[in-house]
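Below are the chains, spelled out letter by letter.
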Amino acid sequence: MRYKTRKSTREEFLDNLAPDNQAQLFTLSSAASGCTACGLSKTRNKVVFGEGKPNAPLVFVGEGPGQNEDASGRPFVGRAGELLDQCLAECRMNRSHVYICNIVKCRACLMEFGRVKNRQPAPEEIDSCSDWLAKQLGIIQPMVIVCLGAPAANTLIHANFKITQERGKWFDTSPHCRYISAALHPAYILRQDGPAYLHARQMLVDDIEAARKKVIAARKEPNPALF
Ligand code: URA
């Protein structure tokens, strides 16, 4: 896969703003690394703050770190992350073009039959983490956010969001960006088999491609803040 190497004047202008964002994100992530606002802090190994382009126009927000992320401190580094990377590549993007984070920054887990298993974060854990996410998105100021999976969509779009019915639909109601939508979570796709897997994977690629195009279209819209 080949990526565009020459940057437009606009991209260069925006990159010049990035060192400041980078520094602010670093300060925020350092503060988050000591967070004890909820019980997840007791079992986590590393806070998984998020990573990517500090002024990314497109941000992906997942549910929360799993085992690999908890061990490495980086978002989406397991099999779900590999799938996300492949789908980004099919849309001629990679992690340096976007920012990736989660609604909770610490792994939610439970013990089952003597083994540690991932679980969905509880509403109060999501609530405790919402300030970190809001500040993070406030620094990045993305044009477009794609929620990966229902928990992120329920948190950032609306509480009754149904991923099967509403994925790929655009909302302009988020305080964090101009447009927000949701796509299937890569981990859900990995649980499908055969044609169902291929179909779900293609949906994720289509939704990422739609988000890429939404960024391009949104850049051409007048900025309401200027009027
Ligand atoms: N699943 C998520 O939602 N986030 C990650 O960072 C990894 C897996």
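Structure: above.
Fair warning: this is a prediction, and the values are worked out from it, not measured in the lab.

**Considerations on the site of the ligand**
- Inspection of the region around the ligand gives Gly62, Glu63, Gly64, Glu69, Pro75, Phe76, Asn102 and His185 as its neighbouring residues.
- Between a nitrogen atom of the ligand and a main-chain N or O atom of Gly64, the distance comes to 3.0 Å.
- At 2.8 Å from an oxygen atom of the ligand is found a side-chain nitrogen or oxygen belonging to His185.
- Taking 230 Å² as the accessible area of the ligand by itself, protein coverage stands at 92%.
- Taken together, the residues of the shell around the ligand break down into two nonpolar, four polar and two charged.

**Structural notes on the side chain of Gln192**
- Along the chain, Gln192 turns up in the loop between helix H8 (186–190) and helix H9 (194–220).
- Within the structure, the side chain of Gln192 is placed 3.1 Å from the backbone oxygen of Tyr188, a separation counted as a polar contact.
- Apart from residues no more than four positions distant in its own chain, Gln192 is found in contact with Tyr197 and Ala200.

**With respect to the state of the cysteines**
- All told, the structure shown has zero disulfides when counted by the stated rule.
- The thiol of Cys129 is not disulfide-bonded; the next cysteine sulfur, from Cys106, is found 6.2 Å away.
- You can see Cys177 has no disulfide; the closest cysteine sulfur is in Cys147, sitting 8.1 Å from it.
- Look at Cys177 and you get buried, because its relative accessible area is 10%.

**A short note on the nonpolar core**
- One finds Leu58, Phe60 and Ile208 to be the most contacted residues of the largest nonpolar core, which totals 63 residues.
- Among all residues touching Leu58, those that are not within four sequence positions of it are Met93, Val98, Tyr99, Val144, Val146, Ala211, Arg212 and Val215.

**Some details on the packing of aromatic side chains**
- Across all of its chains, the model carries one aromatic pair by this definition.
- Looking at Lys105, its charged tip hangs above the ring of Phe49, at a distance of 5.7 Å from the centre.
- Geometry around Tyr179 places Lys214 over its ring, the cationic atom sitting 4.3 Å from the centre.

**Observations concerning the pattern of salt bridges**
- The full count for this structure, using the stated rule, is eleven salt bridges.
- Among the salt bridges present, the one from Glu125 reaches Arg119, with a minimum N-O distance of 2.8 Å.
- A relative accessible area of 11% places Glu125 in the buried class.
- Among the ionic pairs, Glu209 bridges to Lys213, the shortest N-O distance being 3.5 Å. Pair noted here: Glu209 and Lys213 are both in helix H9, with a separation of four residues, about one helical turn.
- Given the relative accessible area of 16%, Glu209 is considered buried.
- One salt-bridge network, held together by shared partners, links Glu51, Arg74, Asp85 and Arg95.

So, how was this worked out
Residue positions are given per chain, counting from 1 as you read along its sequence in written order. Thresholds applied to this predicted model are a pLDDT of at least 70 for local features of residues and 80 or more for the giving and counting of side-chain atom pairs; totals over whole chains, interfaces and linings are not thresholded and use all residues. Side-chain numbers here rest on the full set of heavy atoms in the structure, without hydrogens or water. By convention in this text, a residue qualifies as near a molecule or strand provided that one of its non-hydrogen atoms is within 4 Å of it. Pairing of N or O atoms within 3.5 Å defines a polar contact, subject to two protein rules: one partner must be a possible hydrogen donor and the other a possible acceptor, and residues neighboring in sequence count only if both atoms are side-chain atoms. Accessibility throughout is a Shrake-Rupley quantity obtained with a 1.4 Å probe, and a residue counts as covered only by protein chains that appear here. Gly is placed with the polar residues, together with every amino acid not listed as nonpolar (Ala, Val, Leu, Ile, Met, Phe, Trp, Tyr, Cys and Pro) or charged (Asp, Glu, Lys and Arg). For the purposes of this entry, the term helix denotes a DSSP run of H or I that reaches at least four residues, the term strand denotes a run of E that reaches at least two, and both are numbered from the N terminus. What makes two residues a contact is simply this: any of their non-hydrogen atoms within 4.5 Å. By definition, disulfides here are pairs of cysteine sulfur atoms that lie within 2.5 Å. Exposure classes here rest on a 1.4 Å probe applied to the protein chains alone. A residue is buried below 20% of its type maximum, exposed above 50%, and partly exposed in between. In this text, buried Ala, Val, Leu, Ile, Met, Phe, Trp, Tyr and Cys residues form a nonpolar core when linked through side-chain atoms within 4.5 Å. Paired rings are identified among Phe, Tyr and Trp, the last through its six-membered ring, by centres lying within 6.5 Å, and are further divided according to the angle between planes into stacked (under 30 degrees), edge-to-face (over 60) and tilted (the rest). Lysine NZ or arginine CZ positioned within 6 Å of the ring centre and within 35 degrees of the ring normal marks a charge as sitting over the ring. Between Lys or Arg on one side and Asp or Glu on the other, a salt bridge is scored when a side-chain nitrogen of the former is within 4 Å of a carboxyl oxygen of the latter.

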